[in-house]
Amino acid sequence: MTIVQAERFYEQDKKDYELGNNKEFLSWLKSSITDGYHCFMGIDELQKMIDTIANWYEIKYPERELEFYEGIRHMDTDFQDTKRISNVMNIKQLLFRLPSRQYSLMKCGYRARGWSHHMICDDAGNPKLKALIFMHIGKKNVEQDIMLCEELPYFSLRANDVTGDVFVDYDVKEYLNGESNLSLEQLLKIFEEKYADELDFTELKECVYDHDTNMELRHRILQLVALKLLYSRNTIPERGYERAKRFINEFNKKLGLTLSTEEIDEIMNRDYSNGEKWELVTKTFVDENGEEHSYCTVENVNKNDVGNIEDNKGIKGLVKSIFR
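Below is a short write-up of the structure. Everything numeric here is computed off the predicted structure, so don't read it as measured data.

1. Comments concerning the layout of surface pockets
Reported here for the second largest pocket is a volume of approximately 420 Å³. Ile 120, Lys 130, Asp 165, Val 166 and Asn 181 are, among the 16 residues lining the second largest pocket, the residues nearest its centre. Only β1 (114–121), β2 (127–139), β3 (154–160) and β4 (166–167) provide two or more residues apiece to the lining of the second largest pocket. Of the residues that constitute the lining of the second largest pocket, the class distribution is eight nonpolar, four polar and four charged.

2. Focus: a nonpolar patch on the surface
A surface patch of nonpolar side chains, amounting to about 280 Å² of accessible area, comprises Ile 59, Ile 85 and Val 88. Note on placement: Ile 59 falls in helix α3 (residues 43–60). With relative accessibility at 53%, the residue Ile 59 sits in the exposed group.

3. As for helix α6 (residues 100–107)
Of all the residues in α6, the buried ones are Gln 102, Leu 105 and Met 106. Axial view of α6: buried residues confined to an arc of 100°, hence all on one face. Remark: Cys 108 follows α6 within two positions and exhibits a positive phi of approximately 55°.

4. Details of the pairing of β2
Looking along a regular strand, one sees the side chains alternate between the two faces of the sheet. For β1 and β2, the ladder comprises eight bridges, and the chain directions are antiparallel. Its bridge partner being in β2, Gly 114 is matched across the sheet by Phe 134. Between β1 and β2, which follow one another and run antiparallel, lie five residues, and Gly 125 among them has a positive phi close to 85°. For β2 and β3, the ladder comprises seven bridges, and the chain directions are antiparallel. Pairing of Leu 132 across the sheet is with Asn 160, part of β3. As defined by bridge partners, β2 adjoins strand β5 (residues 199–200) across two bridges and the pair is classed as antiparallel. Following the sheet pairing, Lys 139 is matched in β5 by Leu 199.

Parameters and conventions
Residues numbered from 1 in each chain as written. Predicted model: local features only at pLDDT ≥ 70, side-chain atom pairs only at ≥ 80, totals over all residues. Heavy atoms only, no water. 1 Å grid on protein atoms, 1.4 Å probe; cavity = no way out; pocket = protein on both sides within 12 Å on 5 of 7 lines; lining within 4 Å. Points joined across faces, edges and corners; volume = space filled by probe spheres on them. Helix = DSSP H or I, 4+ residues; strand = E, 2+ residues; numbered from the N terminus. Nonpolar A, V, L, I, M, F, W, Y, C, P; charged D, E, K, R; others polar. Patch = residues over 30% accessible without salt bridge, like charges linked within 9 Å, V, L, I, M, F, W, Y side chains within 5 Å. Areas by Shrake-Rupley, 256 points an atom, 1.4 Å probe, with all protein chains shown as cover. Salt bridge = Lys/Arg side-chain N within 4 Å of Asp/Glu carboxyl O. Buried < 20%, exposed > 50% of the residue type's maximum accessible area, 1.4 Å probe, protein only. Arc of directions from axis to C-beta. Pairing = 2+ DSSP bridges.

The structure is reproduced here in structure tokens:
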């Protein structure tokens, strides 16, 4: 882009990556909380998360490195032996440096009212200590049975906090038709279809909804990181776009996400020329001594002749003042 086109590019920046100005995001978050989402991060911390990740990528891919890829060589020998750190600044290193709640959102594990560590055997029979979340599933009709068999009015449901895989024990197995490998989402569907009159699975519904909303929140926050990288004033639009694409590709590949480049592609592909078309042209002029001179200039070839004449007059006047 030309300088003028870049100015028009930045003029269209709505600063949606500044959450206080993003009415659409704030409306979505408010609606999600109204629907039962237990949000564990405030707007200020979400904003810090956007800023931290964007800053990380500007350090990871500095201007001089991107210029090198563009074929620009610097004569400054101070950085001749400098090594790239982009391979070292991987996503694992970034996550390690995030505060606890920001890391939890990036991890997007399942949350419940309780959690504990349990010794569980893997497929090979080896015992391993794993973190499990647990919640209570209430029994609606337990009052008429409690005198007969002293049955508890609830049972505990446990699941892997990362994968959401249900730990199928005796109590859970009673409500399944031989299924042994299922997720919290699948179990919720079974309960809703078959046991809505028998069980109170409010905590399970909350857990699944919180997880789904966390996933959406993470997606929205990371898309705004890409937007902040694109519109960064620390660079030019082309390099901001390159950083944003690298960020999206790396997060999709390493974390299995579905971030999209559609928004930043559309922004970069807009026409910022306002009908202008600039080309490098060679021109000549005759000075007041009758000598002919050549010079190169960038010219808007779509301008009318009057505009070109005025431009040429200005250039001639400038060159005359130089040759005097």
